[in-house]
Amino acid sequence: MESKLTRGDLDALAQVYSLDPAAVESMLELSGVRPARAARLQFLASSLRYGGVLSLAAALVFFVAANWSKVAVFGRFALLELLLLLFVALAFARPPPRFIGRGALFLAFITTGALLALFGQTYQTGADVYELFLTWALLGLPFAIAGQWGVTSAAWVVVLDTALTLFCGWNPRGGILWAVFDGSRFTVTEAILAAAALNLLLWIAAERLALRAVPGWVCRLLLSCAFGFVTWAGVIGVMDGDSAGMNGIAIGGAALAMLAVGAYAARQRRDIYPLAVVLGSLVIVVMCWIPEAIHNDEATFFVMALWLIGASTIGGRVLTLLTRQWRTERAA
Amino acid sequence: MTAVRQLVETLRARGIISADAPPAPEPLDERPWFLALLLGFAGWLAGIFVLVFLGLVFNPDSTTAILAIGLALSGAAWGMYFADRNAVFVDQLALAFSIAGQLALAWATLKDVNSMLLVAATLFGLQCLVFAVMPNKTARTIAAFFACIAWTFVVRSSLRPGSSADLFFDDNGDAKIPPLGEWTVLVGWLLTWLPLIALLVWLLRTESRWMASNLRAFARPAITGLLLGLALSGIATEPVTMLLFGLQSLGIRFSWYALFPLLSIALAVFAAYCAFGLRSFGLVGVAVFAALVHLARFYYLYGTTLLWKSLIMLVVGVALFAAAAALQARARETA
């Protein structure tokens, strides 16, 4: 029997039918909720292999960060470049979806970042940190696509969003992105909204194309990153945080993103994660608005508590019901 | 036909439940993990706001007044959970009251206490009490998780008697030798985690026994709390000043202490393995996230040179591949 059952379902059955331990044991076996020994070993082996790849990646990053003086600059570059070639050659010899190919391309992606970091560390280029991450994301994109592996895609998303966060948060003047977002023409709010839009577009593309390289959990990561920026814009808007008077645009942009994603998810009737993210974002933005609107400490904390309890109760109830309804529709 | 009904029919056909037993109940409205996380966080934050609000309104200045507020809030939370056993309508309000009540009780009992051991032991006791008394799965899960964190501090402060975070470092930022000797570091780790691992393994092994009794209402949230505790509590075992990314500790000479975050990663992987056994992929995700946080701690917090760390990770990576290959072969044999 395919296991769509949760432990909660089985607990309820054990209670309703007053099952004894032997009957519960039979139910656990029949329901298929207990992975077989082979499946457990397989999971553990996969976890260790993933851990092995991540450990090698960490070793590489730590080595570059150590800036070991006993190896000359030429030697350090040569080592990383040779490793990059080795990983690419490995990926060609054992291409994805085989694990060796996937792991090699993940390590090639990490090595690309390490090489860029070493370049900046050695020549003190004066580039902002966001530029390192952005260049890494751009140069590493072929590896992320070719890897056909969620882990590499997720690492790419994290690198891209780190670049965007650093760009929007530190607001540096200069570098690649300021060729577009020049300080006199665009404000930080618009940069944040652009970052949100980019993530949302990537999410929609990933959902529609259903690529092997971007499994469901990476789609959710993209959406979470998008709503990190949406919430940021919303909070700036409601807290009157844009010095250039763009608060209305910040609130409008955030509201539009929430409505668009909410409508898309409601139309798809597949996954409530987007609606949960919208709910979380809305709860935070409104919570930040309350102290701006009420200038009395007691009332502020009372209303904030009330809002959190009320919004999460209603939102949680609606989303729980939708989960059941959509699951039933899918089963039918 | 839903999976629950299908299972009930199978149980009926096999004679495990009687032929005239009532039809299958409707499947539970279980919340997905991310929704439970969102609601739990909202309830926790609301609890803090409730307490601040009450503090501003009543301005309690005596221990008795704070204690009275704590007892009233906890009592109200218990009443709401008890009255609405399905926890559909008032669970968020009850959770907020419960958190606020616990904070007030902790405030009242600990505001004049300087001993870390006493603080940690009291909070551990309080979480155990909440776990035992509150008739709600979410409240018990949160209590079990917080109890794990409190337990780590109970063990630590037992082996390093004193009152604050400077127990761990001297004025130069160097690691202090524990008063009872260096051996207590490893013993402390074992004392912290072995009982939690043993409890978790025992609960998993006796699942069918407690599922057949009312203990299921306690054991299920205890398992979730323990898994969260094993994966995440390692972060809390750092000295208070070094929680998360305490960059000020860079360069501290720690020698073999540097291996401890790797042990935390091993705990997180163990938690992921157990969560897989329960088919709880949300918990698997939390454990993987925790492992990555521990790796970041390894990079930032411990002053063994980065070169040594690089070498350690290289050796670990190779060892993991070897272990994976051995397991893979065993999995093939078993299949």
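Note that the coordinates shown come from a computational prediction; the quantities given were computed from them, not determined experimentally.

A. Layout of the overall build of chain A. Per the secondary structure count, chain A includes 12 helices and zero strands. Scanning chain A from its N terminus toward the C terminus, one meets helices and strands in the order α-α-α-α-α-α-α-α-α-α-α-α. By principal-axis analysis of the C-alpha atoms, chain A measures approximately 75 × 60 × 35 Å. A buried classification covers 48% of the 332 residues belonging to chain A.

B. Spotlight on the overall build of chain B. For chain B, the count of helices and strands is 12 helices and zero strands. Counted from the first residue to the last, chain B has its helices and strands arranged as α-α-α-α-α-α-α-α-α-α-α-α. Here chain B holds 335 residues, and 48% of them are scored as buried. Taking as baseline every contact in chain B between residues at least 6 positions apart, the subset at least 24 positions apart corresponds to 68%.

C. Up close: the interface of chain A and chain B. Contacts between the two partners involve 81 residues from chain A and, on the opposite side, 77 residues from chain B. Between chain A and chain B lies a buried interface of about 7200 Å² when both sides are counted; carbon and sulfur atoms form 75% of it. Taken together, the connections running from chain A to chain B amount to three salt bridges. Across the salt bridge formed by D11 of chain A and R220 of chain B, the nearest N and O atoms sit 2.8 Å from each other. It is helix α3 (residues 37-66) of chain A that contributes the most residues to the side of chain A that touches chain B, 23 residues altogether. Its residues assigned to classes, the side of chain A that touches chain B comprises 48 nonpolar, 17 polar and 16 charged.

D. Region of interest: the pattern of salt bridges. Summed over all chains, the structure comprises 11 salt bridges over all chains. Across the salt bridge formed by E207 of chain B and R34 of chain A, the nearest N and O atoms sit 3.7 Å from each other. Here E207 of chain B is found in helix α8 (residues 207-211), whereas its partner R34 of chain A is found in the loop between α2 (21-31) and α3 on a different chain. For E207 of chain B, a relative accessible area of 2% gives the class buried. With a relative accessible area of 23%, R34 of chain A lands in the partly exposed category. Salt-bridge contacts for R270 of chain A lead to E207 of chain A; the nearest nitrogen and oxygen are separated by 2.5 Å. Highlighted residues: R270 of chain A in the loop between α10 (247-268) and α11 (273-293) and E207 of chain A in helix α8 (residues 188-209), separated in sequence by 63 residues. Assessed through its relative accessible area of 43%, R270 of chain A is described here as partly exposed.

E. Quick peek at the packing of α8 of chain A against helix α9 (residues 216-238) of chain A. All names here are of chain A. Close contact between α8 and α9 brings their axes to 8 Å; oriented N to C, the two are set at 155°. Relative to α9, the element α8 is oriented roughly antiparallel. Of the two possible hands of crossing, α8 and α9 adopt the one that is left-handed. Contacts from T189, I192, L193, A195, A196, N199, L200, L202, W203, A206 and E207 in α8 reach C219, L222, L223, C225, A226, F227, F229, V230, W232, A233 and I236 in α9. By residue class, the composition of the contact of α8 with α9 is 19 nonpolar, two polar and one charged.

F. Inspection of the nonpolar core at higher detail. Residues and elements named next belong to chain A. If you look at the biggest cluster of nonpolar residues, it comprises 106 residues, and the most contacted ones within it are F106 and F227. The dominant element in this core, judged by the number of residues it contributes, is α9, at 13 residues. When sequence neighbours within four positions are dropped, the list of residues in contact with F106 reads V53, L54, A57, W149, V151, T152 and A155.

G. Spatial organisation of α2 of chain A. Among the residues of α2 of chain A, those classed as buried are A23, V24, M27, L28, L30 and S31 of chain A. In this structure, the buried side of α2 of chain A is in contact with α1 (7-16) of chain A together with α1 (3-13) and α8 of chain B. After α2 of chain A finishes, the residue G32 of chain A shows a positive phi value of roughly 70°.

H. A look at the confidence of the model for chain B. Residue and element names in this part refer to chain B. Looking at chain B as a whole, the pLDDT averages 84, with 84% of positions reaching at least 70. Confidence drops under pLDDT 50 across residues 240-252; counting only partners more than four residues distant or on other chains, this segment forms 26 contacts. Interface confidence for the predicted complex, given as ipTM, is 0.86, next to a pTM of 0.87.

I. Layout of the packing of aromatic side chains. For the structure on display, the rule yields 24 aromatic pairs over all chains. Summarising the aromatic geometry, the rings of F77 of chain A and Y123 of chain A are spaced 6.0 Å apart at their centres and angled 25° between planes, so their arrangement reads as stacked. Placement of F77 of chain A in helix α4 (residues 73-93) and of Y123 of chain A in helix α5 (residues 99-123) is noted, with a sequence separation of 46 residues between them. Grouped by ring-pair contacts, the aromatic residues Y50, F99, F106 and W149 of chain A constitute a single cluster. Here R140 of chain B stacks its cationic end above the ring of F218 of chain B, 4.0 Å away from the centre of that ring. K309 of chain B extends its terminal NZ or CZ atom over the ring of F298 of chain B, reaching a point 5.6 Å from the ring centre.

J. Representation of the domain arrangement of chain B. Residue and element names in this part refer to chain B. Entries for chain B in the domain assignment read domain 1 (31-169 + 178-307) and domain 2 (308-335). Between domain 1 and domain 2, the residue contacts involve 11 residues of the former and seven residues of the latter. When domain 1 packs against domain 2, close to 720 Å² is buried across both sides, 70% of that on carbon and sulfur atoms. Counting the contacts that link domain 1 with domain 2 gives zero salt bridges. On the surface where domain 1 and domain 2 come into contact, there are eight residue pairs in polar contact (both at pLDDT 80 or more). Elements that contribute at least two residues to the side of domain 1 that touches domain 2 include exactly α11 (281-301) and α12 (306-334). Top contributing element to the side of domain 1 that touches domain 2 by residue count: α11, with four residues. When its residues are assigned to classes, the side of domain 1 that touches domain 2 shows nine nonpolar, two polar and no charged.

K. Just the environment of W203 of chain A, in detail. Residues and elements named next belong to chain A. Within the secondary structure, W203 is located in helix α8. Sequence separation between W203 and L221 is 18 residues, and the spatial gap between their C-alpha atoms is 8.8 Å. Beyond its immediate chain neighbours, meaning those up to four positions away, W203 contacts C219, L222, L223, V261, Y264 and P274.

L. The arrangement of the side chain of D11 of chain A in detail. Within the secondary structure layout, D11 of chain A lies in helix α1. Given the relative accessible area of 10%, D11 of chain A is considered buried. The contacts of D11 of chain A, once residues within four sequence positions are left out, are M211, R216 and R220 of chain B.

Calculation criteria
Residues numbered from 1 in each chain as written. Chains lettered and ligands numbered in written order. Predicted model: local features only at pLDDT ≥ 70, side-chain atom pairs only at ≥ 80, totals over all residues. Heavy atoms only, no water. Helix = DSSP H or I, 4+ residues; strand = E, 2+ residues; numbered from the N terminus. Buried < 20%, exposed > 50% of the residue type's maximum accessible area, 1.4 Å probe, protein only. Contact = heavy atoms within 4.5 Å. Buried area = accessible area lost by both parts, 1.4 Å probe. Salt bridge = Lys/Arg side-chain N within 4 Å of Asp/Glu carboxyl O. Nonpolar A, V, L, I, M, F, W, Y, C, P; charged D, E, K, R; others polar. Axes fitted to C-alpha atoms, helices over the stretch in contact; angles between N-to-C directions. Parallel < 35°, antiparallel > 145°, perpendicular 65-115°, else oblique. Left-handed = near helix turned anticlockwise from the far one by under 90°. Core = buried A, V, L, I, M, F, W, Y, C linked by side-chain atoms within 4.5 Å. pLDDT = per-residue confidence, 0-100. Phe/Tyr/Trp six-rings, centres within 6.5 Å; stacked < 30°, edge-to-face > 60°. Lys NZ or Arg CZ within 6 Å of the ring centre and 35° of its normal. Domains from an automatic or database assignment. Polar contact = N/O pair within 3.5 Å; in protein donor to acceptor, adjacent residues only side chain to side chain.

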